[in-house]
Amino acid sequence: MPKHTYTNSLINETSPYLLQHAHNPVDWHAWNAETLELAKKENKLILISIGYSSCHWCHVMEHECFEDEEVAAIMNQNFINIKVDREERPDIDQVYMNAVQLITGKGGWPLNCITLPDGRPIWGGTYFPKKNWINALTQLAELYAKTPEKAIDYAEKLTEGVKNSNLISFNNTTEGFTTEDLKSSVTEWKQTMDFDLGGRIGAPKFPMPNNYQFLLRYAIQAKDNEILNYVNTSLTNMALGGIYDQIGGGFARYSVDKKWHVPHFEKMLYDNGQLVSLYAEAYQATKNELYKNTIYQTLQFIEREQTSSEGAFYSSLDADSNNKEGKLEEGAFYVWRKEELKLILTADFELFSDYYNVNNYGFWEHDNYILIRKDNTSQILKNHSISIEELEEKVTSWQKILLKKRNKKDKPRLDDKSLTSWNALMLKGYINAYTVFNEKHFLDVAIKNATFIYTKQLQENGNLNHNYKNGKSTINGYLEDYATVIDAYIALYEATFNEMWLNTAKQLTDYTFDHFYDTERAMFYFTSNEDPNLITRKMEIEDNVIPASNSIMARNLFKLSHYYSNSYYLKVSKQMLANVKDRTQKYGSGYSNWLQLMADFSRDYYEIAISGENAFEKLHELNENYIPNKLIAGSTKNSKLPLMEGRYNESETYIYICVDGACQLPVSDPKKALNQLKITF
């Protein structure tokens, strides 16, 4: 007797999300040429359902609708049903998310879209309870059977809307970028900032790493203490809050409340990679020990839970896991009951409950507590007559004990595919952590991951693949893969002076010009010209939780133009920024990575070249300082890199500081070099 009543064609896929649906009664197909041809052949509407493995509401809709035989019968009779993992196929997700946003004014996952047999959308939405879903599908099937011309009319108008949305025009104005532009953008942005609790006003609260990276830089360079306090409030409350796993390290996707207390418990690689970079820069600028501890603990979590033996990083951990009753429940793995904590911690419970707020402050639901800290360590020391050293020792001990205890619970599902772009974001996190703390282990992990990308995901013809699972590299890469890898490889060069990483970054950049660039608009498409066509080819412009691939590319081009004295790269970078300038002024939080580039163009940008036997020693001393408007080149021997040529001296290590091709006299003392940088801004 078979173990499963139903098995569909998703059983042949590798995506954990698709495999979760392989035993639904719905006759699911993967997105491929055969499936699309089948829809045309049978003249059936296509039902495209998009989600990802750690998505809580995707699981809910699966249970209510896709596991239900009544629903499955309607879907199978009237539609060709396609399941898409949005993380594997962000290109498909972009197009149909755009369509659903035009239909409903909002988006999210699960994302469900009904299309004509040729893929042009006619209707869509996000989560549907069973009754609503049946009603909608029945009406759509009837519409297409009785009045197909109406469905075609809807599709034509909607497809036109999708094609025209977010289109960027070439900006012919040649005006430059100024610090006043940055100020006006931040002034507008302030209206949405929660200065008391951090983040954006209201709930839910998402950690948006690039927003804070830009605002940290802006605050320091513009001497804006209000913004600096806002950044520190945000970072402190995130690190102390329930959104951060106080026992195991790592950040959850977002908090459902406005205080950062109650997380949506899924843990995503891209969040944690970027947050490590953010906290590293914030530590560099503030020397706040909380930020350092947060980085170290988060990287321990990544190595423990989300790293393969090949040095690749896994994608995510689910929000849901089985509770004690064996039922799937959000957050079951992470929350604690007071009674179990008393049994585990015995005499330490009172101190522990003060430190982690096992009280009304940390209470969640069903007798469960989320461990949350307050910024009140000095008060705890006083109340419990304990020294800071003793408290820190106890905290370390509690974390070990509770981590061991927690690991006996049913663990959240792991999405063990490795995505190139997300790996590059985590790689950059490790490089930034190494740069700031000079911790060799961080560099070792970084080099192993960078080598994984280079040997497994970079193909012989120069393209990157997007996905890696079960030893197989698949799916032609998207612009986000190239942009993030180029960015990470530039950073790795700056940390190691190994020119292979910089040269590979340049080769990948030239590949993107050949396969992604639109000369008419001076922007890059999200998909390669070698990919099969969807209903339209999109450009990713707006910075979200991950910055837009175009903004990352524009910043890469700016840096590489300096390394290689390449005026074309600089011209394209400047034009890309000019194309979005108006948008940056109205909506800073959606263009914060573009604003980083604007900050590079609007102030002195320093080229720091270090040449000589003791280059690394001097590099580490410089890296103790927060200098956002700089790039670093270096070598311990002769180098033909344009920035390094003719600068090697056998008997002395020199630091060269240059701006726009004008260089100051070389110095051997890093402190003198810092004076040349005018770090007071």
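To keep things clear, this report deals only with the structure shown in the data block.

Scoring rules and cut-offs
Residues numbered from 1 in each chain as written. Predicted model: local features only at pLDDT ≥ 70, side-chain atom pairs only at ≥ 80, totals over all residues. Heavy atoms only, no water. Helix = DSSP H or I, 4+ residues; strand = E, 2+ residues; numbered from the N terminus. Buried < 20%, exposed > 50% of the residue type's maximum accessible area, 1.4 Å probe, protein only. Lys, Arg positive; Asp, Glu negative; His and termini not counted. Salt bridge = Lys/Arg side-chain N within 4 Å of Asp/Glu carboxyl O. Contact = heavy atoms within 4.5 Å. Phe/Tyr/Trp six-rings, centres within 6.5 Å; stacked < 30°, edge-to-face > 60°. Core = buried A, V, L, I, M, F, W, Y, C linked by side-chain atoms within 4.5 Å. Expected span 1.5 Å × (residues − 1). Pairing = 2+ DSSP bridges. Right-handed = clockwise from strand over helix to strand, strands pointing away.

Let us look at the side chain of lysine 618. With respect to the helices and strands, the residue lysine 618 is situated in helix 24 (residues 615-622). For the buried residue lysine 618, which engages in no salt bridge, the nearest side chain bearing the opposite charge is glutamate 652, 5.1 Å off. Once residues lying within four places of it in the same chain are set aside, the contact partners of lysine 618 are Ile610, Thr653, Ile655, Ser668 and Pro670.

Quick look at the pattern of salt bridges now. Under the definition given, this model contains 30 salt bridges. Among the ionic pairs, arginine 406 bridges to aspartate 245, the shortest N-O distance being 2.9 Å. Note that arginine 406 is positioned in helix 16 (residues 388-406) and aspartate 245 in the loop between helix 10 (225-240) and strand 6 (254-255), a separation of 161 residues in sequence. Across this residue pair, the class does not change: arginine 406 and aspartate 245 are buried.

What follows deals with unusual backbone geometry. The step from tryptophan 109 to proline 110 runs through a cis peptide bond, and the omega angle for that step is 5°. With an omega of -5°, the peptide bond between alanine 203 and proline 204 qualifies as cis. Even without a glycine there, the phi angle at histidine 366 is positive, about 50°. For histidine 366, the position within the fold is in the loop between helix 14 (349-356) and strand 13 (368-369).

Next up on the list: the packing of aromatic side chains. Under the counting rule described, the total for this entry stands at 49 aromatic pairs. Ring geometry for tyrosine 270 versus tryptophan 422: centroids 4.7 Å apart, planes at 70°, classification edge-to-face. Taken as a pair, tyrosine 270 in helix 11 (residues 269-286) and tryptophan 422 in helix 17 (residues 420-437) lie far apart in primary sequence, 152 residues in all. Here the two residues tyrosine 270 and tryptophan 422 agree in accessibility, since each one is buried. Seen in terms of ring centroids, phenylalanine 513 and tyrosine 517 are 5.0 Å apart; in terms of plane orientation they differ by 70°. Their pairing is edge-to-face. You'll find phenylalanine 513 and tyrosine 517 in the same group, each marked buried.

A word on the nonpolar core. Grouped together as the largest cluster of nonpolar side chains are 166 residues, with contacts concentrated most on Trp133 and Tyr563. Ranked by residues supplied to this core, first place goes to helix 19 (residues 479-496) with 12 residues. When sequence neighbours within four positions are dropped, the list of residues in contact with tryptophan 133 reads Leu47, Met61, Cys65, Phe66, Val71, Met75, Asn112, Trp123 and Phe128.

Let us look at helix 17. With 18 residues, helix 17 ought to run about 26 Å at 1.5 Å a step, and its terminal C-alpha atoms sit 26 Å apart, in line with that. In terms of burial, helix 17 is largely enclosed, as 16 of its 18 residues are buried.

What follows is about the sheet that holds strand 14 (residues 414-415). Strands sit in the order 8-9-14 across an open sheet of 3 strands; the sheet is antiparallel. The sheet terminates laterally at strand 8 (267-268) and strand 14, the two strands that pair on one side only. Direction of pairing for strand 8 relative to strand 9 (residues 316-317): antiparallel, over a ladder of 2 bridges. Considered in strand 9, the bridge of methionine 268 is made with serine 316.

Turning next to the pairing of strand 21 (residues 630-635). Counting buried positions over the 6 residues of strand 21 gives 6, a clear majority of the element. On strand 21, burial covers both faces: Lys630, Ile632 and Gly634 on one face and Leu631, Ala633 and Ser635 on the other are all buried. Across 6 bridges, the pairing between strand 20 (residues 606-611) and strand 21 is parallel. Among the inter-strand pairings, glutamate 607 is bridged to a residue of strand 21, identified as leucine 631. Regarding the hand of the β-α-β motif, the stretch spanning strand 20, helix 24 and strand 21 is right-handed.

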